[in-house]
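# Structure assessment
Okay, here's what each chain looks like letter by letter:
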Amino acid sequence: MKTKSLLLLSLLLMFCIRIYGQHIALTVHDAAMKGLTIDHMDSTYKSAGNKDTSKAVFKTDTLQHLMYNAYVNLLKDFGKFLKENNFYWEEKTKCWNRIYFSKDGTIDYFLYNFQEQLSLGKEKEFERLLNLFIKNYQIPMTASVKFAQCSPVSYEATSDKAK
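As a starting point, this report considers the structure included with it. (Residues numbered from 1 in each chain as written. Predicted model: local features only at pLDDT ≥ 70, side-chain atom pairs only at ≥ 80, totals over all residues. Heavy atoms only, no water.)

## What to know about the pattern of salt bridges
Taken as a whole, this structure holds three salt bridges when the rule is applied. Across the salt bridge formed by Glu125 and Arg128, the nearest N and O atoms sit 2.9 Å from each other. Residue Glu125 and its partner Arg128 are both found in helix α5 (residues 120–135); the two are separated by three residues, about one turn of the helix. Exposure remark for Glu125: the relative accessible area of 27% places this residue in the partly exposed category. Residue Arg128 is classed as partly exposed on the basis of its relative accessible area of 43%. (Salt bridge = Lys/Arg side-chain N within 4 Å of Asp/Glu carboxyl O. Helix = DSSP H or I, 4+ residues; strand = E, 2+ residues; numbered from the N terminus. Buried < 20%, exposed > 50% of the residue type's maximum accessible area, 1.4 Å probe, protein only.)

See below:
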């Protein structure tokens, strides 16, 4: 009975996340634990750009270039947001992102994976700020389908006294 209740609760939680899960940032691992695997997400969100344009949402070089610029600006804006909220990196920190966008360019899911282990406090604060940032962020790209973009990113070392 206990196992059945836990299974039902887990399914209800996954359903709520999928229905009301707009603007969620979490690690790739945590997303997978909630049933939001990259394979599953990639079956719902089409790739924003691809050399094989039949697999891309943005099919022309011009549109792919505009998407690339929008994505780079998103990452820059997030870096500024971190600084404005007194979040600093002690050393260069590498991460991988996969961002899933609604048709209107708002962020549904922002999955990330750090290459290095962060302290629990640092990672929780990063996730908290990322969730605040994506809540109202919108890139200037729209499409007829939901789309995704991924990349590695390096957060540069900062301090509260320098920069």
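## Concerning the sheet that holds strand β5 (residues 147–155)
The sheet built from five strands is open, its strands ordered β1-β4-β3-β5-β2 with mixed pairing. Single-partner strands in this sheet number two, and they are β1 (24–27) and β2 (46–47). Bridge analysis of strand β3 (residues 93–101) against strand β4 (residues 107–114) gives seven bridges, and the strand direction is antiparallel. Bridging across to β4, Asn97 finds its partner in Tyr112. (Pairing = 2+ DSSP bridges.)

## With respect to the layout of surface pockets
The volume enclosed by the largest pocket comes to roughly 280 Å³. Lining the largest pocket are 14 residues; nearest its centre among them are Leu75, Gly79, Ser154, Tyr155 and Glu156. For the lining of the largest pocket, the elements supplying multiple residues, two or more each, are α4 (61–84) and β5. With six residues, the single largest contributor to the lining of the largest pocket is α4. Considered class by class, the residues forming the lining of the largest pocket number seven nonpolar, three polar and four charged. Approximately 170 Å³ is the volume found for the second largest pocket. What lines the second largest pocket is a set of 14 residues, among which Thr27, Phe114, Gln117, Leu118 and Glu123 lie closest to the centre. When grouped by side-chain class, the residues that make up the lining of the second largest pocket number four nonpolar, five polar and five charged. (1 Å grid on protein atoms, 1.4 Å probe; cavity = no way out; pocket = protein on both sides within 12 Å on 5 of 7 lines; lining within 4 Å. Points joined across faces, edges and corners; volume = space filled by probe spheres on them. Nonpolar A, V, L, I, M, F, W, Y, C, P; charged D, E, K, R; others polar.)

## A look at the packing of α4 against α5
Closest axis-to-axis distance for the α4/α5 pair is 10 Å, and the angle between their directions is 120°. With respect to their mutual orientation, α4 and α5 come out oblique. Read as a crossing pair, α4 and α5 show a hand that is right-handed. The segment α4 lies against α5, with Leu74, Asp77, Phe78, Phe81 and Leu82 engaging Phe126, Leu129, Leu130, Leu132 and Phe133. (Axes fitted to C-alpha atoms, helices over the stretch in contact; angles between N-to-C directions. Parallel < 35°, antiparallel > 145°, perpendicular 65-115°, else oblique. Left-handed = near helix turned anticlockwise from the far one by under 90°. Contact = heavy atoms within 4.5 Å.)

So yeah, pure geometry; function would need other evidence.
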